[in-house]
Amino acid sequence: MKSLQELVRPNIWSLAPYSSARNEYSGHVAHVFLDANENPFNQPYNRYPDPLQEEVKAQIEKVKGVPAECIFLGNGSDEAIDLVYRCFCEPKKENVVAICPTYGMYEVCADINDVEYRNVMLDENFQITAEKILEATDANTKAIWICSPNNPTGNNINRDEIIKVIESFEGFVIVDEAYIDFSSEPSFSRVFQNMQGKVSNLIVLQTMSKAWGSAAIRLGMAFASKEVIDIFNKVKYPYNVNQLTQEQALKRLNDSYGVEQWVNILLQERGRMLRAFAELPVCEKVYPTDANFFLARVTDATGIYNYLVEKGIIVRNRHRIALCQNCLRVTIGTKDENNELLGALRQL
Ligand SMILES: *Cc1c(COP(=O)(O)O)cnc(C)c1O
């Protein structure tokens, strides 16, 4: 890949980051803090949180096997997505490439940052070749977005093709693994670790919002080489992950066995839902999935969506999304919730 300096925007490369009060002493044990204009009352929430979330990262290192220095934590994955544009993509000049259909935030953040967004269509099996992705790039392409398992289609993108893209492309390849804990395939964060020692162009995104059951706390993770993580840390808001979130994340990460049990229950329910949907008269096709949701093509997505809303059951209507005509995206819920959905659809 290109050198890191060639990939980072010049203003970011030369940026002197904000230095917070607590950055400036280091290596000393202190007990009187009169440096940050905090209120001494209302402990423990009177103090600014750890700007680099070291305790949380140490626990993620244990659970995921990614070294703490290769982890960025943000206010949801959305923060990491936005940082890719702010750190690497020159507005009005550079571009990114993404598969289509995929997660909507890549395009929204491109639009906000005034960076050209290029779609490459998946085929009818929601797959793509490395060649097709690379054809859409040019000298001004800074990043390629690959979501796998992909949202809204649910399937893993062919692993060999992703590896080919990572190996051939000169800029960053971001693999969004929001649903990796539900997938039968391993994370790319292991591939990334094997590249230690040279600046890897791979950035892997994960989140606490799905399998970890913590969408409300807003904690997203980016795994990348230390050099890339250092750039993200320089540009992020100094206290981007608040104290309550750090505490709750630690609690969850200390109980990864509990998360494993949730995932097992959801995978079992997923199998049951896929079989039940295949039998429904209104269902024309159920697409294969490696996530905690699935896409189903039905006779009339908008009509069925509205019918379900009337009954207080909300699924996602993806009818207007490319390649998803008459498709509903259904998240796997509890057994009772899933049964309520099936019951309503059987009445049609
Ligand atoms: C849900 C989801 C996320 C999670 O975003 P957060 O900001 O971490 O909640 C990221 N990527 C994809 C593809 C998703 O579907």
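Residues numbered from 1 in each chain as written. Predicted model: local features only at pLDDT ≥ 70, side-chain atom pairs only at ≥ 80, totals over all residues. Heavy atoms only, no water.

1. Considering the site of the ligand
Alright, step 1. As a matter of local geometry, the ligand sits amid 14 residues, with Tyr179, Thr207, Ser209, Lys210 and Arg218 nearest to it.
Alright, step 2. In this structure, Thr207 approaches the ligand through a side-chain N or O atom, which is 2.6 Å from an oxygen atom.
Alright, step 3. The side chain of Lys210 places a nitrogen or oxygen atom 3.3 Å from an oxygen atom of the ligand.
Alright, step 4. Computed on the free molecule, the ligand has an accessible area of 390 Å², of which 93% lies beneath the protein chains in the complex.
Alright, step 5. Residue composition of the shell around the ligand, by class: 5 nonpolar, 5 polar and 4 charged. (Near = heavy atom within 4 Å. Polar contact = N/O pair within 3.5 Å; in protein donor to acceptor, adjacent residues only side chain to side chain. Areas by Shrake-Rupley, 256 points an atom, 1.4 Å probe, with all protein chains shown as cover. Nonpolar A, V, L, I, M, F, W, Y, C, P; charged D, E, K, R; others polar.)

2. Notes on the environment of Val56
Alright, step 1. In this structure, Val56 sits in helix 3 (residues 54-64).
Alright, step 2. With 12 residues separating them in the primary sequence, Val56 and Ala68 have C-alpha atoms 9.0 Å apart.
Alright, step 3. Aside from chain neighbours lying at most four places away, what touches Val56 is Leu73, Leu219, Gln246, Ala249, Leu250 and Leu253. (Helix = DSSP H or I, 4+ residues; strand = E, 2+ residues; numbered from the N terminus. Contact = heavy atoms within 4.5 Å.)

3. Quick notes on the pattern of salt bridges
Alright, step 1. Under the defined criterion, the tally for this structure stands at 15 salt bridges.
Alright, step 2. One salt bridge connects Asp78 with Arg218, and the closest N-O pair in it is separated by 3.7 Å. Taken together, the positions of Asp78 in helix 4 (residues 77-88) and Arg218 in the loop between strand 6 (202-207) and strand 7 (220-223) put the pair 140 residues apart, joining distant regions of the chain.
Alright, step 3. A cluster of three or more residues bridged by salt bridges with shared partners is formed by Glu116, Arg118 and Asp138. (Salt bridge = Lys/Arg side-chain N within 4 Å of Asp/Glu carboxyl O.)

4. Details of the sheet that holds strand 5 (residues 172-176)
Alright, step 1. Read across the sheet, 7 strands follow the order 1-7-6-5-4-2-3 without closing on themselves; strand pairing throughout is mixed. Of all the strands in the sheet, the pair left with one neighbour each is strand 1 (71-74) and strand 3 (116-121). Ignoring strand direction, the axes of neighbouring strands in this sheet form an average angle of 20°.
Alright, step 2. Its contacts with the sheet put helix 3 on strand 1, strand 6 and strand 7, and the angle it makes with strand 1 is roughly 120°. (Pairing = 2+ DSSP bridges. Axes fitted to C-alpha atoms, helices over the stretch in contact; angles between N-to-C directions.)

5. A word on the packing of helix 3 against helix 10 (residues 243-253)
Relative orientation and spacing of two packed helices are given, respectively, by the angle between their axes and the distance between those axes.
Alright, step 1. Their axes nearest at 10 Å, the elements helix 3 and helix 10 cross at an angle of 20°. Relative to helix 10, the element helix 3 is oriented roughly parallel. You can see that helix 3 and helix 10 cross each other, and the crossing is left-handed. Contact residues: Glu55, Val56, Gln59, Ile60 and Val63 in helix 3; Gln246, Ala249, Leu250 and Leu253 in helix 10. (Parallel < 35°, antiparallel > 145°, perpendicular 65-115°, else oblique. Left-handed = near helix turned anticlockwise from the far one by under 90°.)

6. Observations regarding helix 5 (residues 105-112)
Alright, step 1. For helix 5, the set of buried residues is Tyr106, Cys109 and Ala110. One side of helix 5 holds all its buried residues, which, seen down the axis, span an arc of 105°. Helix 5 presents Asp111 and Ile112 as exposed residues on the side facing more than 90 degrees away from its buried surface.
Alright, step 2. At its buried positions, helix 5 is contacted by helix 4, strand 3, strand 4 (141-147) and strand 5.
Alright, step 3. A positive phi of about 60° marks Asp114, the residue just after helix 5. (Buried < 20%, exposed > 50% of the residue type's maximum accessible area, 1.4 Å probe, protein only. Arc of directions from axis to C-beta.)

7. Structural notes on the sheet that holds strand 9 (residues 293-298)
Alright, step 1. The antiparallel open sheet is built from 4 strands, whose spatial order is 8-9-11-10. Edge strands, defined here as strands with exactly one partner in the open sheet, are strand 8 (283-286) and strand 10 (316-317).
Alright, step 2. With 2 bridges joining them, strand 10 and strand 11 (residues 327-331) adopt antiparallel strand pairing. Across the sheet, the residue bridging to Arg316 is Arg329, located in strand 11.
Alright, step 3. Here helix 12 (residues 301-310) sits on the sheet in contact with strand 9, strand 10 and strand 11, set at roughly 40° to strand 11.

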